[in-house]
Amino acid sequence: MAAIERVAVVGSGTMGRQIAIQIARGGVPVALYDLDSGALGRAATAQRDFVAGFVANGTLAAAEAAPLLARIRYDAELGAAVRDADLIIEAVPEQVALKRQIFAALDEHASDGAILATNSSSLRVSLLEDATARPERCANFHFYIPVWDNPMVEVGGGTRTDPAALDALDAFARRIGLLPLRVLRESTGFIFNRVWRAIKKEVLAVADGGIASFEDIDRAWMIHYRTPKGPFGKMDEIGLDVVQAIEEVYAAESGDPADRPPPILTARVARGDLGQKSGRGFYAYPDPAWAAPDFLTPEATPEATPEATPEATSGGTPGGAATGDEDRPGAERTTNDDEEAR
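Overview of the structure. This one's a predicted model, so the numbers in the text were calculated from it and none came from an experiment.

Points about the nonpolar core
Phase 1 of the analysis: Judged by nonpolar contacts, the single largest core of 39 residues is most densely connected at V7, I23, L87, F141, F143, L169 and F172.
Phase 2 of the analysis: Counting 24 residues, the second largest nonpolar core, distinct from the first, contains F214, F232, M235 and W290.

As for the environment of T227
Phase 1 of the analysis: Relative to the elements of secondary structure, T227 occurs in the loop between α8 (214-225) and α9 (231-238).
Phase 2 of the analysis: Only 2.8 Å separates the side chain of T227 from the backbone oxygen of K229, close enough to count as a polar contact.

Considering the pattern of salt bridges
Phase 1 of the analysis: This model, assessed by the stated rule, comprises 20 salt bridges.
Phase 2 of the analysis: Between E247 and K200 there is a salt bridge whose closest N-O contact spans 2.9 Å. Separated by 47 residues along the polypeptide, E247 in helix α10 (residues 240-254) and K200 in helix α7 (residues 192-208) bring together distant segments of the chain.
Phase 3 of the analysis: We classify K200 as buried; its relative accessible area is 0%.
Phase 4 of the analysis: One continuous salt-bridge network, built from bridges that share partners, spans R197, K200, K201, E247 and D259.

Thoughts on α9
For an α-helix the count is 3.6 residues per turn, leaving residues at separations of three or four pointing the same way.
Phase 1 of the analysis: Of all eight residues in α9, eight are buried, a share of seventy percent or more.
Phase 2 of the analysis: Looking only at α9, the buried set comprises P231, F232, G233, K234, M235, D236, E237 and I238.
Phase 3 of the analysis: Summarising the contacts, the buried residues of α9 are in contact with α7, α8 and α10.
Phase 4 of the analysis: G239, located one to two residues past α9, shows a positive phi value of around 115°.

With respect to unusual backbone geometry
Phase 1 of the analysis: Of note, the bond from I145 into P146 is cis; its omega dihedral lies within 30 degrees of zero at -15°.
Phase 2 of the analysis: Checked against the element boundaries, P146 lands in the loop between β6 (138-143) and β7 (152-157).
Phase 3 of the analysis: A cis amide bond, omega 25°, links Y285 with the succeeding residue P286.
Phase 4 of the analysis: Secondary-structure assignment places P286 in the loop between α11 (263-270) and α12 (310-313).
Phase 5 of the analysis: Look at F190: it is not a glycine, yet its phi comes out positive at around 60°.

Notes on the packing of α7 against α9
Phase 1 of the analysis: The geometry of α7 relative to α9 is characterised by a closest axis approach of 10 Å and an angle of 110° between their N-to-C directions. Between α7 and α9, the angle falls in the class roughly perpendicular. Handedness of the α7/α9 crossing: left-handed. Along its contact with α7, which presents W196, K200, V203, L204 and A207, the element α9 presents P231, F232, K234, M235 and I238.
Phase 2 of the analysis: Looking at side-chain class alone, the contact of α7 with α9 contains eight nonpolar, no polar and two charged residues.

Structural notes on the packing of aromatic side chains
Phase 1 of the analysis: Evaluated as defined, the whole model comprises ten aromatic pairs.
Phase 2 of the analysis: Ring geometry for F214 and F282: centres 5.4 Å apart, planes at 55°, overall tilted. On the criterion of sequence distance, the pair formed by F214 in helix α8 and F282 in the loop between α11 and α12 is long-range, its members being 68 residues apart. The two residues F214 and F282 agree in class, both being buried.
Phase 3 of the analysis: Here W221 and Y225 contribute two aromatic rings whose centre-to-centre distance is 4.6 Å and whose plane-to-plane angle is 45°, an arrangement assigned as tilted.

Some details on the pairing of strand β2 (residues 30-33)
Phase 1 of the analysis: Across the two faces of β2 the burial is the same, with V30 and L32 and A31 and Y33 all buried.
Phase 2 of the analysis: Note that strand β1 (residues 7-10) and β2 share four bridges and pair parallel. Within β2, the position partnered with V9 by the bridge is L32.
Phase 3 of the analysis: Remark: the β1/helix α1 (residues 14-25)/β2 crossover connection has right-handed handedness.

How each quantity is defined
Residues numbered from 1 in each chain as written. Predicted model: local features only at pLDDT ≥ 70, side-chain atom pairs only at ≥ 80, totals over all residues. Heavy atoms only, no water. Core = buried A, V, L, I, M, F, W, Y, C linked by side-chain atoms within 4.5 Å. Buried < 20%, exposed > 50% of the residue type's maximum accessible area, 1.4 Å probe, protein only. Helix = DSSP H or I, 4+ residues; strand = E, 2+ residues; numbered from the N terminus. Polar contact = N/O pair within 3.5 Å; in protein donor to acceptor, adjacent residues only side chain to side chain. Salt bridge = Lys/Arg side-chain N within 4 Å of Asp/Glu carboxyl O. Contact = heavy atoms within 4.5 Å. Axes fitted to C-alpha atoms, helices over the stretch in contact; angles between N-to-C directions. Parallel < 35°, antiparallel > 145°, perpendicular 65-115°, else oblique. Left-handed = near helix turned anticlockwise from the far one by under 90°. Nonpolar A, V, L, I, M, F, W, Y, C, P; charged D, E, K, R; others polar. Phe/Tyr/Trp six-rings, centres within 6.5 Å; stacked < 30°, edge-to-face > 60°. Pairing = 2+ DSSP bridges. Right-handed = clockwise from strand over helix to strand, strands pointing away.

Printed below as a string of structure tokens:
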């Protein structure tokens, strides 16, 4: 199978824009597609900020900034964006129906030899492959957020994926500075997110059950594992709407009510508190409490505000699903992600 030389990314949200930057940083031309031209404009602004940050922290030479950005093309017309691509990476919200719709459209517009990859953080590509006439060229290709701080990507196939397509993805990942992690057998959540999901589910249950505040759970995690933020701060970074959508994937697959996202999460999503992108999630941004110098000091910390009872937070329906959607302020519908532990 020929080497991957041209790439298109479908969806310009949090993950799509980061994936495109990483690809361009690896010297590969990339088209970034979104049906919303406004979303593309916001993505371009964010990408310029990313590159300025790389220059400021010394990870990118100033002379390389303009050429890097010049390798990114923005397109609001799908056919034009993907027509010449050897690899197309879908990075839209974690919804099977939407992803199948995208895969079917990509199959129509892409060249016969193109690989169609999903950046889904939980959905197996076998759920999407039969929306196309090329299941042998469909794969999972899952990045983590921030892409440049988590230099790995999970690579996995569906029921009929050609091993040569996975080898091509492995080689491309290395070319753009990422370590490919091979998923040997299909599994919801793949490798890391399957582990992260167990952690996420338990910390949400501990806080939702009133056993401990989310702040103290984060403090315990940060002290024990010496990380800059805890699980709740990480969920805010991912986006609480994204976290909820992924929890709903697991719940639908298992059929177990215990797998449904709890009110401590769904209530926030319903009122539009989606995390960093909306200015509030578990913490308030841009200056979250977990980043404060005294968050982990031994001196007495302010008592955490207790969570409301599940009945209050879910509008009287314990465990009820949120009524919010991903088109809240700061979210871009065909634009975002999956991005779990991203």
